[in-house]
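Coordinate inspection notes
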Amino acid sequence: MSEYDAVQKSSLKLKGVGDISAGKKKKKKNQEKHRLEQVVTNQNDEEVKTKKAYIDKRTPAQIAFDKMQEKRQMERILKKASKTHKHRVEDFNRHLDTLTEHYDIPKVSWTK
């Protein structure tokens, strides 16, 4: 017995494809129009429901917290936007100059 005795030697069979499906499919115009109308009406109904159903369920503390978060974020953005890249580099270099030599990377020499 060979190792290949259990192998199927028939053609590949695809799902949904029949032997007679060589012809053209019939178009169903009425159903497509009906489906489109249903989709449009469903979308309109959903829009109306979402407009009516949206109620802010946050507490006053949560609302105040969100307002302060937005305010602080805007301040940070304005602060970062006020400096140019050149000023940021100068500030960074000034900061590095103030650090002690403890943070410097020591030179490594293999010749000594």
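Our structure's up above, just so we're on the same page.
Just so you know, these numbers come straight off a predicted model, no measurement behind them. (Residues numbered from 1 in each chain as written. Predicted model: local features only at pLDDT ≥ 70, side-chain atom pairs only at ≥ 80, totals over all residues. Heavy atoms only, no water.)

So, the overall build of the protein chain
- Within the protein chain one finds three helices and zero strands.
- Sequence-ordered secondary structure for the protein chain, helices as α and strands as β, is α-α-α.
- Split into buried and exposed, the 112 residues of the protein chain put 0% on the buried side. (Helix = DSSP H or I, 4+ residues; strand = E, 2+ residues; numbered from the N terminus. Buried < 20%, exposed > 50% of the residue type's maximum accessible area, 1.4 Å probe, protein only.)

Examining a nonpolar patch on the surface
- A cluster of nonpolar side chains, namely L12, L14 and V17, defines an oily patch on the protein surface of about 350 Å² accessible area.
- Mapping L14 onto the fold places it in the segment before helix 1 (29-53).
- Of the residues examined, L14 reaches a relative accessible area of 55% and is grouped as exposed. (Patch = residues over 30% accessible without salt bridge, like charges linked within 9 Å, V, L, I, M, F, W, Y side chains within 5 Å. Areas by Shrake-Rupley, 256 points an atom, 1.4 Å probe, with all protein chains shown as cover. Salt bridge = Lys/Arg side-chain N within 4 Å of Asp/Glu carboxyl O.)

Quick word on the pattern of salt bridges
- Inspection of every chain in the model, using the stated rule, returns four salt bridges.
- Taking the shortest distance from any N to any O, the salt bridge between D66 and R58 comes out at 2.4 Å.
- Look at R58 and you get partly exposed, because its relative accessible area is 38%.
- D91 is the partner of R94 in a salt bridge, and the nearest nitrogen-oxygen pair spans 2.8 Å. With R94 and D91 both in helix 3 (residues 85-98) and three residues apart, the pair spans about one turn of that helix.
- Residue R94 is classed as partly exposed on the basis of its relative accessible area of 48%.
- In this structure D91 comes out as partly exposed when scored by relative accessible area, which is 27%.
- A network of salt bridges, in which partner residues are shared, links D56, R58 and D66.

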